[in-house]
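This is what each chain is made of:
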Amino acid sequence: MNSNSETKIYIFYCVNAFDQGVFSPPRTKVAYFPQDLKMACSSMIKDIYLLKAFECGADGVMVVGCPAGKCKRVDGNVRAAKRVARVQQLLDEIGLGGKRLVYSTADDMETAAADLVKQLGELGPRK
Amino acid sequence: MIVAKQKPIAEIKEMLRPYDKVLILGCGTCVKTCFAGGEDEVATLGAALRLAFSQDGKTIHTEELTVERQCEDAFIQEAAQAVSRNEAVLSLACGAGVQAMARRFAGASLLPGVNTTFIGVLEKPGLFTEECSGCGDCELDTFGGICPVTRCSKRLLNGPCGGSKNGKCEVSPDIDCAWQLIIDRLTLLGQAGNLKRYIPAKDWRLSLSGGPRRLVREDHVI
């Protein structure tokens, strides 16, 4: 990652979090989103998927779930958020930085993406 | 089941530093259930270690495999070829599994990836609690199926200490008073008379105090 324009962010999203299941990536111009990975529920996210995204060269990863209380599968979004929190700790242990990974609800995705891009700029390039 | 907890990445990294090719070997029984060493944890740890070493500019080659049980020779054999392809084995099994592997593969460097913690149960999703100390002399029939040796913080065998409050142990409000549970359960079962029975001092020679234990079943020895 040499400049913001090359910031690469992978997004895992719940298909139920968007109208008609139609997802469009955040509108920020300082990052690009080479991988949008659709899930039937955000709770399907696993630690390994998130780490693999980083192994594949992601500078940052977002997991996008349904707004609080609106998960079709009751508490899938809660589970996803908890799983993300655990992997954030693991990324800190690894030395990559837990702040490279965020969980966001669909209605807050634009803000979360902008914050993530800013955070990645502060963290600097990945080794 | 045997409950274990994965070691911190920094500790595992330090153990693996001399090696370039490592087999991460999971165990598909107890440690899988407690999220410490099954297929998912093997995959996650593999990726975490590759990322962690790449932070130091080192490339580590990991092979990943999970066998049904590392404490049984019949299952361990499945790992033979993978063991021979690597310089070290990071075992995510309990201490018994790691030692069974070391016995089976005398020339392989066996490294523990988890800390074996206790014999316990899944009390509710995400919560594992210690239930048995393997003391070698089970008296659960007397105590209504609740073990004071393990679950009473003071290991009292003849009634509560008097320090519990609202059914919680004085050691920590997170710990149920085992004796409260025993009394409640014996009362429910109509066996409160058991509480009058004097339990003599425990013979700890049957536990670890007697040295490493053995169990021989002559009918299975050939």
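Each remark here, short or long, concerns the structure printed above.
Before going into details, it helps to say that this report is about the structure given with it. (Residues numbered from 1 in each chain as written. Chains lettered and ligands numbered in written order. Predicted model: local features only at pLDDT ≥ 70, side-chain atom pairs only at ≥ 80, totals over all residues.)

Moving on: the overall build of chain B. If you tally the helices and strands in chain B, you get eight helices and seven strands. Rg of the C-alpha trace for chain B: 22 Å, well past the compact-globule value of 17 Å for 222 residues, more than 25% over. Principal-axis analysis of the C-alpha atoms gives chain B an extent of 65 × 50 × 25 Å. Looking at the 222 residues of chain B, the share that counts as buried comes to 30%. The long-range share in chain B, meaning contacts at least 24 apart out of those at least 6 apart in sequence, stands at 57%. (Helix = DSSP H or I, 4+ residues; strand = E, 2+ residues; numbered from the N terminus. Rg over C-alpha atoms; globule rule 2.2 N^0.38 Å. Buried ≥ 20, exposed ≤ 12 C-beta atoms within 10 Å, placed from the backbone. Contact = placed C-beta atoms within 7 Å.)

Residues and elements named next belong to chain A. With parallel pairing, four strands are arranged side by side in an open sheet as β2-β1-β3-β4. The open sheet is flanked by β2 (31–39) and β4 (101–105), the only strands paired with a single partner. Direction aside, the axes of adjacent strands within the sheet are offset by 20° on average. Bridge count between strand β3 (residues 60–65) and β4: five bridges; the pairing is parallel. Each residue of the ladder has a partner; that of V64, found in β4, is S104. Each of β1 (7–14), β3 and β4 is contacted by helix α1 (residues 47–55), which is oriented at about 145° to β3, the strand it contacts most. (Pairing = 2+ DSSP bridges. Axes fitted to C-alpha atoms, helices over the stretch in contact; angles between N-to-C directions.)

So, on to helix α3 (residues 39–55) of chain B. Helical geometry: 3.6 residues make up each α-helical turn, so side chains three or four residues apart lie on a common side. For α3(B), with 17 residues, the first-to-last C-alpha span of 25 Å sits near the 24 Å given by 1.5 Å per residue. Taken together, the buried positions of α3(B) are occupied by E41(B), V42(B), A43(B), T44(B), L45(B), G46(B), A47(B), A48(B), L49(B), L51(B) and A52(B). In this fold, the buried residues of α3(B) make contact with α1 and α2 (76–94) of chain A together with β1 (2–6), α1 (9–16), β2 (21–27) and β3 (61–67) of chain B. (Expected span 1.5 Å × (residues − 1).)

What follows covers the pairing of β2(B). All names here are of chain B. Counting buried residues along β2, six of its seven residues qualify, which places the element largely inside the surrounding structure. Taken together, the seven bridges between β2 and β3 define a ladder with parallel strand orientation. In the sheet register, K21 faces β3, and the bridge partner there is H61. Looking at chain direction, β2 and strand β4 (residues 88–91) are connected through four bridges and run parallel. Within β4, the position partnered with L23 by the bridge is V89.

Let us look at the environment of A81(A). Residue and element names in this part refer to chain A. Structurally, A81 is set in helix α2. Of the residues examined, A81 has 20 C-beta atoms within 10 Å and is grouped as buried. Measuring from C-alpha to C-alpha, the distance between A81 and A114 comes to 19 Å, with 33 residues separating the pair along the chain.

Further remarks concern the environment of A36(B). All names here are of chain B. Along the chain, the position of A36 falls in the loop between α2 (30–33) and α3. C-beta crowding within 10 Å serves as the criterion here: with 27 such atoms nearby, A36 is assigned to the buried category. Residues contacting A36, with those up to four places away along its chain left out, are A4, K5, Q6, V31, E41, L92 and V114.

Function cannot be read off these values alone, since they describe shape.
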